[in-house]
Amino acid sequence: MSPKINRVYQNSFNLPYRIKRLGDIAHNLWWVGNPEVARLFKEVDALKWRLSNHNPIVLLRSVEKSKFEDLIKDRYFLDRYDQIVQEFDDYMNRQDTWSNTRFPENKNDKIGYFSFEYGLHESLMVYAGGLGILSGDHLKEASDLGLPLVAVGFLYTYGYFSQRITEDGWQEAHNVELKFSDLPIVELYDEENNPILISIDLPGRTLYARLYELNVGRIPLVLLHTNIPENNPQDRELTDKLYISDPELRISQEMLLGIGGMRALQRLGHEPVIFHMNEGHSAFLALEHMRQLIAAGSTLEEAKKIVQNSSIFTTHTPVPAGNDEFPIWLIDKYFANYWGSLGLSRDEFMDLAKVSSDWSDEVFSMPVLALRLANYRNAVSKLHGAVSRGMWQYLWPEKSVDEVPINYITNGVHTGTWLARRLAELYSKYLGVDWKDRLDDPKMWERIDAIPDRELWQVRIHLKRKLISYMVDRARDEWKNDRVHPVQTVASGVLLDPLALTIGFARRFATYKRANLVFRDYERLMNIVTNAEHPVQIIFAGKAHPADEPGKRLIQEVYRNVKNSRNGGRLVFLDDYDMDMARHLVQGVDIWLNTPRRPREASGTSGMKAAMNGSLNFSVLDGWWAEGYNGKNGWAIGDDTQYDNLDLQDEADAISLYETLENEIVPLYYTKRSADGLPGDWIECVKASIRTVSPAFSMTRMVKEYATELYDPALTAAKGLKAK
Ligand SMILES: *Cc1c(COP(=O)(O)O)cnc(C)c1O
């Protein structure tokens, strides 16, 4: 029986009855994947929409009554409102979903999905970067496909930091407190109207977390939050920020996610049959699952077998040093009361995940724990699969590298979230009315050729103009607030030309991503950028982890080059990269540049977002692009040579980058114009890119693969064991 839970929506709006459903829609992130809804919100009040950071809760609360009164007299607005409400209701009630049709026997078997971060929307800063965007997109797609998934994460007090760049190019990190009353979160109360809490034992104390819920379409995302009076001051800060470096706080966070997350799902009556650990941060959940099975009467061996058969682990890290691990003394301190309940001795417990390595003392490794306790393991691209099998082969000494049981499912992106509204309109017109139900179908995307070049190009130009006016608006706000030096205004994109070839580079600034690769031969780059007839513009954006000094120096190096007047204002650095900026960039630029040092990119996803919007990839053959590139749908930087000498690798890649820009990309964009003034060959390349990348790297393809290759076999195995 499900426990009784009172769900309380914090915000009620003074909406006229005729449009009162706007309130429901504002409380469900379904709208984020539907740009028509964003447009409707924008029409309520365009300025307030922008100032609210596209937050419908803040918007609806702040709009004046008279404005609403006007809207309910606006036939055009009401028609679209009715249509969107109908769509929302149909979506939420749909029974013939892909999942129900394909796996009717799994209809009621829940999948618990655990991740440290979720990138759902810019107004909800509970994400840092790629991992979060992937989890956010995963939830949206699981909802679209009708998977019975229920997710767990944290509600952070501050979210991820906001970035400002000083005049000298130094990154300043500012923590912005999230105002919970501005978020679409639902408060959860028990029968007696007390907030619902769960707890876990930590050394010398009990840690409590309050539970909240977010609706992502049909998927509930349960969020844990520790800043409550029941906790001591230090524990209250545990969910302040993402990725705390202090090991003791970090282990407490991860115990809360894994162990607390399991208890949270159960407290709310979810009882998942299988568990998906998105990265190793949540791997303690497998221990808790085992403990519960033993408490219910299983032997250790039985419990372990059930846990392994019902656990899925996705690794995202291609370098050993990037993995999450704890010193043994810390495990001693935090798990001394735990291993007994598993029927394990201390040493047996440590052996679950103890590794020693060249670069550190013995540590307790979270990915090792996950790899050992999950029978379903995947990397996030084909190349990353090979790298992972090599990296973890020592855990399977009897197997050759090829036989190491780690598969791959290449990442994808959620089309509704990342595709420009104007392009979606065009696709609706030419790809068939059902195109949104066939996003992973290569045949459907063949119809892209039916779109007249002129129409496609008009939308592309529109999107680039939109990107530029976005930059100018930001620069104007900053200038008006008297916060910047004039050169910073120039560096933020006010001198860009909407007709010039525009390249985007936006990523976390970590040294291996080589944001400075384009500057390796400065004179050569200046010749390309400032060419009077065929200029090239480059827009950079991205944050460095606040503790990553080399990453911050990389930002500074790029920023100093951007400020140099020699480039004529054609180089730009945008501060405070977030999902809103990402959307403008992937939709607006002509070229998406990506220069990781091969093979250190697990997958990367920004280039996929760019491709579906008609922006062309120009990237190292690493991560997803090693699979996506076919010689006609964009360009490769360098080749697949393996280098031992990093400087040689950088040199070879830089030369390849310049040569391809000079000899192929710039001429294709500017000089090969057809009689009607359109860059016909360029547009052909754009169509080849949309046609090939959109289906293969859609979140639809990805989540269907998770469902088919991981979730269904795990459910079958777990249910089989349970039935015994
Ligand atoms: C897509 C996205 C990322 C991940 O991009 P990569 O290609 O992995 O670098 C990071 N941050 C934001 C805001 C994004 O939208």
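Note that the coordinates shown come from a computational prediction; the quantities given were computed from them, not determined experimentally.

About the cut-offs
Residues numbered from 1 in each chain as written. Predicted model: local features only at pLDDT ≥ 70, side-chain atom pairs only at ≥ 80, totals over all residues. Heavy atoms only, no water. Helix = DSSP H or I, 4+ residues; strand = E, 2+ residues; numbered from the N terminus. Contact = heavy atoms within 4.5 Å. Domains from an automatic or database assignment. Buried area = accessible area lost by both parts, 1.4 Å probe. Salt bridge = Lys/Arg side-chain N within 4 Å of Asp/Glu carboxyl O. Polar contact = N/O pair within 3.5 Å; in protein donor to acceptor, adjacent residues only side chain to side chain. Pairing = 2+ DSSP bridges. Axes fitted to C-alpha atoms, helices over the stretch in contact; angles between N-to-C directions. Patch = residues over 30% accessible without salt bridge, like charges linked within 9 Å, V, L, I, M, F, W, Y side chains within 5 Å. Areas by Shrake-Rupley, 256 points an atom, 1.4 Å probe, with all protein chains shown as cover. Buried < 20%, exposed > 50% of the residue type's maximum accessible area, 1.4 Å probe, protein only.

Colleague: Break down the environment of Glu362 for me, with residues and values.
Modeller: In this fold, Glu362 is placed in strand 14 (residues 360-365). Between the C-alpha atom of Glu362 and that of Trp329, which follows or precedes it by 33 residues, the distance is 9.9 Å. Dropping the residues within four chain positions of it, Glu362 is found in contact with Ile328, Lys354, Val355 and Ser356.

Colleague: So what's going on with the domain arrangement of the chain? Which residues, and what values?
Modeller: With domains assigned, the chain is organised as domain 1 (6-93), domain 2 (98-411 + 704-723) and domain 3 (415-697). Between the C-alpha centres of domain 2 and domain 3 there is a distance of 33 Å. For the pair domain 2 and domain 3, the summed buried surface comes to about 3,300 Å²; carbon and sulfur atoms form 53% of the total. Of all residues in domain 2, Gln163, Glu167 and Trp170 give up the largest surface area on contact with domain 3, accounting jointly for 19% of the area buried on that side. The salt bridge involving Arg560 is made with Asp168; its shortest N-O contact spans 3.0 Å. Counting the contacts that link domain 2 with domain 3 gives 18 residue pairs in polar contact (both at pLDDT 80 or more). Contributing elements (two or more residues each) for the side of domain 2 that touches domain 3: helix 8 (130-145), strand 4 (162-165) and helix 16 (382-391).

Colleague: For the sheet that holds strand 19 (residues 571-574), give the residues involved together with the corresponding values.
Modeller: One open sheet holds the 6 strands; their spatial order is 19-18-17-20-21-22, and the pairing between them is parallel. Edge positions in the open sheet fall to strand 19 and strand 22 (634-637), since each of these has one partner strand only. Strand after strand, the sheet turns through a mean of 20 degrees between neighbouring axes, direction not considered. Bridging between strand 18 (residues 536-541) and strand 19 involves 4 bridges; their strand directions are parallel. Within strand 19, the position partnered with Phe540 by the bridge is Phe573. Across the face of the sheet, helix 27 (residues 646-670) comes into contact with strand 17 (501-506), strand 18, strand 20 (591-594), strand 21 (616-620) and strand 22 while running at roughly 165 degrees to strand 22.

Colleague: Outline a nonpolar patch on the surface, supporting the account with residue identities and numerical values.
Modeller: Side chains of Val490, Val494 and Leu495 sit close together on the surface and give an oily, nonpolar patch of about 200 Å² of accessible area. Structurally, the position occupied by Val490 is in helix 21 (residues 486-494). You can call Val490 partly exposed: its relative accessible area is 32%.

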